[in-house]
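So the chains spell out like this:
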Amino acid sequence: MRNNLWLICLGWLFSVTIQAQQPPVNSTYSFTLDEAIEFALENSYQSINARRDVAKALKRKWEATASGLPQIEGVIDYQNQLKQPVTLIPGEVAGGTPGTFVPVVFGTKQQASATATLRQLIFDGSYLVGIEAAKSFLQYSDDIEEKTQLEVRKGVINAYGSVLVAQESVQILKNNVEALEKNYQETKKIFENGLAEEEDVEQLQITLLQIKNQLSNTERLEKIALQMFNLTLGVDVNSNTVLSEDLDSLTMKNMDQSVITKPFILENNIDYRLAYLLTEQTRLELKLEKSKALPKLSAFVNYGTSAFDDDFVFFDSQTRWFQSSILGASLTIPIFSSLGRSSRTQQAKIADEQSKTDFLRTQQEIKLKYDTAVSDFKFSIESYDTAKQNLTLAERIEKKNQIKYSEGLATSFELRQAQLQLYSSQNDALNAMLDIINKKAELETILNTPNTNN
């Protein structure tokens, strides 16, 4: 009974441990934008695989290093000659008639051997280049991880802003539907009393149906935007995620133009560093081809033991084993390759020159990309200011037309036009706010501001 109790307790502890290791499917999260970025940098699918790429690069670096360190291998051989080869020897050697031959079998039917060999590379130019290339590849993997982090950060910012815009759109559309529904019901009653035309009711009904349809679609888009945000974070897409910042405050925070005053240091840009490492790659490829013209020196020493018998007696203690050992060195000197080696070297040299030209082009593209990002960021702020003014004017125009319509001084068509203008201005204002957030993120990515102290 006591043993059964222990088994039950252990089983319960095991199940609790397993459950604790499994991420909850319907988790609830709450994030500010900075918290969301920090979470995604640690848990997003791209970040996880980027760290794995760095780990692979470290292993590859050691693989390149290990190829020049001592290598030991062991070989165990067993042979059973089912039909031993026969050799003919002159008959007079075996005491027979001259001119005849006697069939003779040399050696034993079975043999076993065990040999261990130590090899050491003493000099190889390609090995030295390989070590240098492994370090360069490790740096390349680190920079790729940093680029991934920048892209993840930008993706989180874009997704966070998109969710806020979708949520704000839903709320605005609900308010619009509520106001339209009220106007529609009031106008319908006036029409039923014979004090309004049927067209007035129909115009309001058209607008109401359109806005209701937009609301239904925007509610679906809000759910999709939240799922995309969850995907960017690296959590289940159906997780209950709450955004603790609002669109207005996030927009105001991103309108800070101090980022433009920061000096643009080209060498801090991640694309610049990756392009530079590509030139390093072609330089090393050229160096590798040149190194193939150098001699290659290696040495080895082995130790082995062998036993021979007509029967399988290799595990018997009385079996005699014969020892052997060899020490040797090998020097390979390239002498003539019919200009094949020279051709490969010239190809590598041309490729190296091409990569340098591409590097110069990349530098100019990055500068242009920065200037474009600055211009886009400034324009997004200007567009937001214009959208706010237009929204204020559209609200005033719509309100005036509401008053005129209720007093019979404006037609339902004029009211509808004013309402549509207001709804368009509302949408433009929301898009302008999202544009500021996204353009700021794009500029910060080019400046690499999350990873520098500029």
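Our subject is the structure that appears above.
Residues numbered from 1 in each chain as written. Predicted model: local features only at pLDDT ≥ 70, side-chain atom pairs only at ≥ 80, totals over all residues. Heavy atoms only, no water.

## Remarks on the overall build of the chain
Stage number 1. Counting secondary structure elements, the chain contains ten helices and eight strands.
Stage number 2. If you line up the chain on its principal axes, its C-alpha atoms span 145 × 75 × 45 Å.
Stage number 3. Each of the 454 residues in the chain was classed as buried or not, and the buried ones make up 35%.
Stage number 4. The long-range fraction of contacts in the chain, counting pairs at least 24 apart against all pairs at least 6 apart in sequence, stands at 81%.
Stage number 5. Counting only carbon and sulfur atoms, one obtains 56% of the accessible surface of the chain, whose full area is about 28100 Å².
Stage number 6. Charge-centre separation for the chain: the mean point of 46 positive side chains lies 6 Å from the mean point of 58 negative side chains. (Helix = DSSP H or I, 4+ residues; strand = E, 2+ residues; numbered from the N terminus. Buried < 20%, exposed > 50% of the residue type's maximum accessible area, 1.4 Å probe, protein only. Contact = heavy atoms within 4.5 Å. Areas by Shrake-Rupley, 256 points an atom, 1.4 Å probe, with all protein chains shown as cover. Lys, Arg positive; Asp, Glu negative; His and termini not counted. Charge placed at Lys NZ, Arg CZ, Asp CG, Glu CD.)

## Quick word on the sheet that holds strand 2 (residues 71-80)
Paired through backbone hydrogen bonds, the strands of a sheet run either parallel or antiparallel to each other.
Stage number 1. Pairing in this open sheet of four strands is antiparallel, and the strands run 2-5-7-8 from one edge to the other. In the strand order of this sheet, the two ends are held by strand 2 and strand 8 (322-332), each with one partner. Here the strands of the sheet are splayed against their neighbours by 20° on average, with no regard to which way each runs.
Stage number 2. The pairing of strand 7 (residues 296-309) with strand 8 spans eleven bridges and is antiparallel. Counted as the bridge partner of Lys-296 is Thr-332 from strand 8. (Pairing = 2+ DSSP bridges. Axes fitted to C-alpha atoms, helices over the stretch in contact; angles between N-to-C directions.)

## Re the packing of helix 8 (residues 270-291) against helix 9 (residues 340-406)
Each pair of packed helices gets described by two things: the angle between the helix axes and the distance between those axes.
Stage number 1. Running from amino to carboxyl end, helix 8 crosses helix 9 at an angle of 170°, the nearest separation of the two axes being 8 Å. As summarised for this structure, helix 8 and helix 9 are arranged roughly antiparallel, according to the angle between their axes.
Stage number 2. Split into classes, the residues belonging to the contact of helix 8 with helix 9 amount to nine nonpolar, six polar and eleven charged. (Parallel < 35°, antiparallel > 145°, perpendicular 65-115°, else oblique. Nonpolar A, V, L, I, M, F, W, Y, C, P; charged D, E, K, R; others polar.)

## Comments concerning a negative patch on the surface
Stage number 1. A contiguous patch of negative charge on the surface is contributed by Asp-34, Glu-35, Glu-38 and Glu-42.
Stage number 2. Judged by relative accessible area, which is 58%, Glu-38 ranks as exposed. (Patch = residues over 30% accessible without salt bridge, like charges linked within 9 Å, V, L, I, M, F, W, Y side chains within 5 Å. Salt bridge = Lys/Arg side-chain N within 4 Å of Asp/Glu carboxyl O.)

## Section: the pattern of salt bridges
Pairing between side chains of opposite charge can happen when their charged atoms approach one another.
Stage number 1. According to the stated counting rule, one finds 19 salt bridges in the structure shown.
Stage number 2. Linking Lys-147 and Asp-271 is a salt bridge whose minimum nitrogen-to-oxygen distance equals 2.8 Å. Highlighted residues: Lys-147 in helix 4 (residues 125-192) and Asp-271 in helix 8, separated in sequence by 124 residues.
Stage number 3. On the basis of relative accessible area, Lys-147 is assigned to the partly exposed category, the value being 24%.
Stage number 4. Assessed through its relative accessible area of 23%, Asp-271 is described here as partly exposed.
Stage number 5. For Asp-358, the salt bridge is made with Arg-361, and the minimal N-O distance between the two is 3.8 Å.

## A closer look at helix 5 (residues 198-233)
Stage number 1. Over its 36 residues, helix 5 extends 52 Å from the first C-alpha to the last, a length consistent with the 52 Å expected when each residue adds 1.5 Å.
Stage number 2. Two residues or fewer past helix 5, Gly-234 is found with a positive phi of approximately 95°. (Expected span 1.5 Å × (residues − 1).)

## A word on the nonpolar core
Stage number 1. Val-156, Tyr-160, Phe-229, Leu-233 and Leu-443 are the most contacted members of the largest nonpolar core, which totals 60 residues.
Stage number 2. For Phe-229, the residues in contact, after removing those within four places along its chain, are Phe-31, Ala-36, Val-156, Ala-159, Tyr-160, Val-163, Thr-241 and Leu-243.
Stage number 3. By size, the runner-up hydrophobic cluster in this structure holds five residues, among which are Tyr-272, Ala-275, Phe-359 and Ile-366. (Core = buried A, V, L, I, M, F, W, Y, C linked by side-chain atoms within 4.5 Å.)

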